[in-house]
Amino acid sequence: MIIVMKPGAASQSIDAVVSFVKNSGLQTHLSQGEEVTIIGIVGDKSKLPTDNLVSFKDVDRVVAVTESYKLANKKFHPEATTVKAGNTIIGSDTMTIMAGPCAVESEEQLMLIAQAVKKAGATFLRGGAYKPRTSPYSFQGLETEGLRYMQQAAKETGLATICEVVSQEAIESAVKYVDMIQIGARNMQNFILLKEAGRSGLPVLLKRGLCATIDEWLNAAEYIIAEGNPNVVLCERGIRTFETATRNTLDLSAVPVLKEKTHLPIIVDPSHSTGAYKYVSPMAKAAVAAGTDGLMIEVHDNPSCALSDGPQSLTFEKFHKLMDELAPFCELAGRRLG
Ligand code: PEP
Ligand code: MN
């Protein structure tokens, strides 16, 4: 449920409603727009004498929120959220470009890639130190050592950094070394991990689960925000469908749907959704046209020798070309690139 206050409502009127709701044993969430204040209510509504609320001074109307996610809901928070990570702001008028290897393989490799993506205009370095691989015999990541290289690369280039976490232990390490954590598709409904990410104090990129609906995904975001961490960014990375021509099917319509349902920023990952480097560029451009706040793109110095996801990784040259070609798309979408 939300209580919409009249435009220019006095702060005493807002305080009176908030106290009334809190005294009834529920929690409030205030969203103060330029003119209108919205008071979101979380908790057992049966405890709240709703009829009394409309008679409070400066209350315009009381609206039911039927969706089970509240804090992630645009009705609770009509203004778009921006998320600060390192020295970047996601969800602003700048298109956020996160680029880097699927996995951190060595210090030299990461440094080389960090410098190349920075030169091409990326503001964020991605790199996996904990790799959730389908086969237990595939490269599993350098773990803390990889995180240290991420920190080193950030120091040298000024790029913000993001790394996937797969456990509480990984979160504890990531907090020391990177600017943002990622919950991968395979863990989108690992509710214990979501709660721990919510308590980490770091901004969180939440990837869409392989078979998750948008509602399930937003409920997963709610888990993180409900722990007191409002800095959540959603990442569409393709879903499983009957189609086998691409690794996954990029659900681009998720972008406008999410823009309607939530205030959280959205990033599109054309690498994991297509699984093939040649489709990355067209889908990146389409994502910009669809209204994404940013892109996550895998880049490798030598994709044919990559320890994971080589076939979908762009060479430096291809990434540079993509960045050049993206500029007019970003301009049309009203965003600056880099
Ligand atoms: C990744 O970003 O490296 C990754 C494993 O992605 P996803 O969780 O989307 O598969
Ligand atoms: Mn990958």
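## Some thoughts on the pairing of strand β11 (residues 204-207)
Phase 1: The side-chain alternation of β11 yields two buried faces, one formed by Val204 and Leu206 and the other by Leu205 and Lys207.
Phase 2: Of the strand pairs in this sheet, strand β10 (residues 180-183) and β11 are connected by three bridges, and their pairing is parallel. Among the inter-strand pairings, Gln182 is bridged to a residue of β11, identified as Leu205.
Phase 3: With helix α6 (residues 191-199) bridging β10 and the parallel β11, this β-α-β connection has right-handed handedness.
Phase 4: With four bridges connecting them, β11 and strand β12 (residues 232-236) associate as parallel partners. Paired with Lys207 across the two strands is Cys235, which belongs to β12.

## A look at the site of ligand 1
Phase 1: Taken together, the neighbourhood of ligand 1 is formed by Arg126, Lys131, Glu164, Gln182, Gly184, Ala185, Arg186, Lys207, Arg237, His272 and Glu298.
Phase 2: In the environment of ligand 1, an oxygen atom lies 2.8 Å from a nitrogen or oxygen atom belonging to the side chain of Lys131.
Phase 3: Taking Arg186, its side chain carries an N or O atom lying 2.8 Å from an oxygen atom of ligand 1.
Phase 4: Coverage of ligand 1 by the protein amounts to 96% of the 290 Å² it exposes when considered alone.
Phase 5: A breakdown of the residues in the shell around ligand 1 according to their chemical character gives one nonpolar, three polar and seven charged.

## Section: the nonpolar core
Phase 1: Val117, Leu206, Leu295 and Phe319 are the most contacted members of the largest nonpolar core, which has 74 residues in total.
Phase 2: In terms of residue count, helix α7 (residues 214-226) provides more of this core than any other element does, seven residues in total.
Phase 3: Counting only domains with at least three residues in this core, you end up with domain 1 (2-63) and domain 2 (83-337).
Phase 4: Not counting chain neighbours up to four residues away, the residues in contact with Leu295 comprise Thr96, Ile97, Met98, Ile267, Val268, Pro270, Ala284, Ala287, Val288 and Leu326.
Phase 5: With 14 residues, the next largest nonpolar core counts Met1, Ile3, Ala9 and Leu48 among its residues.

The rules behind each value
- Residues numbered from 1 in each chain as written.
- Chains lettered and ligands numbered in written order.
- Predicted model: local features only at pLDDT ≥ 70, side-chain atom pairs only at ≥ 80, totals over all residues.
- Heavy atoms only, no water.
- Buried < 20%, exposed > 50% of the residue type's maximum accessible area, 1.4 Å probe, protein only.
- Helix = DSSP H or I, 4+ residues; strand = E, 2+ residues; numbered from the N terminus.
- Pairing = 2+ DSSP bridges.
- Right-handed = clockwise from strand over helix to strand, strands pointing away.
- Near = heavy atom within 4 Å.
- Polar contact = N/O pair within 3.5 Å; in protein donor to acceptor, adjacent residues only side chain to side chain.
- Areas by Shrake-Rupley, 256 points an atom, 1.4 Å probe, with all protein chains shown as cover.
- Nonpolar A, V, L, I, M, F, W, Y, C, P; charged D, E, K, R; others polar.
- Core = buried A, V, L, I, M, F, W, Y, C linked by side-chain atoms within 4.5 Å.
- Domains from an automatic or database assignment.
- Contact = heavy atoms within 4.5 Å.

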